[in-house]
Amino acid sequence: LVFTNGWRERNAAEVVKDTGAPVLFHGSNLIVNSAIRQALLAIDVPGMHMHSTVYIDDRDNWHEDYWYLTFTQLFDCWDRATSKTSPPYSTAEHGKDYEIIVYGLNTRLLDSTPLESRLLFKMGGTATGEVFCHESIAGVFRAQAPSGAELTLVADF
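Quantities reported herein were computed from a predicted structural model and do not represent experimental measurements.

**Q** Kindly report on the confidence of the model for the protein, identifying the contributing residues and their values.
**A** Of the residues in the protein, 96% have a pLDDT of 70 or more, and the chain-wide mean is 88. Predicted confidence in the protein is weakest over strand β7 (residues 89-91), with a mean pLDDT of 72, and strongest over helix α3 (residues 107-112), with 97.

And the structure:
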C-alpha cells in the first residue's frame, strides 16, 4: 500500500512542514511506524491485520517503515441509551448508521468481553468507526510523543 499526504497542496500553500509522524491516519484507520507495530504484535490484537505500507511525504521522500492497520471485525459496544447521536441515516452496507456526538459504552457487554478482545478495536454500528484503545496499552501510542495521534478518554469524547 502506498499513501501520500492528502493535505500536500494545502501544506505547500501555507508553508507547513510534513513531519511524517509515528501514527498517520487514512480516515479513521491507522498507519503506524515499525516501532508501534512491534509493540502491537506483542499484544496480539484479535481481528487486527497489518499490511506493509509506504508513505511518500510532501518532498517525495519514501518512508517504507509504516504499517496499515485493518480490522476484520467491528466491536459494537456503544450504549444506545446513554450515547448522544445525530439522527440515524440508512446505508446499503450497514442499514442504520449513526454519528456519535457523546459516547456511552455498554458496560454489561464490556464486562462480559475478555480484556484481550477489547484492547484495540474499531467501533461498530457507527458511520465513522473510530478506533478505541484500552488505557492499558495507551503507552504504545504515547511512547514516541508526539506520535501524531491524540488519545481522548471516552468520557471526554
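**Q** Before we move on, could you go through the nonpolar core and cite the residues and values that matter?
**A** V32, I36, L40, M48, L69, L120 and F141 are the most contacted members of the largest nonpolar core, which has 16 residues in total. Counting only elements with at least two residues in this core, the list comes to β3 (29-33), α2 (34-43), β4 (48-56), β5 (62-71) and α4 (138-142). Element by element, the count of residues in this core is highest for β5, at three residues. Aside from chain neighbours lying at most four places away, what touches L69 is N29, L30, V32, L40, M48, H49 and M50.

**Q** So what about the layout of surface pockets? Which residues, and what values?
**A** Space inside the largest pocket adds up to approximately 920 Å³. For the largest pocket, the lining is made up of 29 residues, of which V131, F132, C133, T152 and V154 are closest to its centre. Considered class by class, the residues forming the lining of the largest pocket number 20 nonpolar, four polar and five charged.

Reading the values: the criteria
Residues numbered from 1 in each chain as written. Predicted model: local features only at pLDDT ≥ 70, side-chain atom pairs only at ≥ 80, totals over all residues. Heavy atoms only, no water. pLDDT = per-residue confidence, 0-100. Helix = DSSP H or I, 4+ residues; strand = E, 2+ residues; numbered from the N terminus. Core = buried A, V, L, I, M, F, W, Y, C linked by side-chain atoms within 4.5 Å. Buried < 20%, exposed > 50% of the residue type's maximum accessible area, 1.4 Å probe, protein only. Contact = heavy atoms within 4.5 Å. 1 Å grid on protein atoms, 1.4 Å probe; cavity = no way out; pocket = protein on both sides within 12 Å on 5 of 7 lines; lining within 4 Å. Points joined across faces, edges and corners; volume = space filled by probe spheres on them. Nonpolar A, V, L, I, M, F, W, Y, C, P; charged D, E, K, R; others polar.

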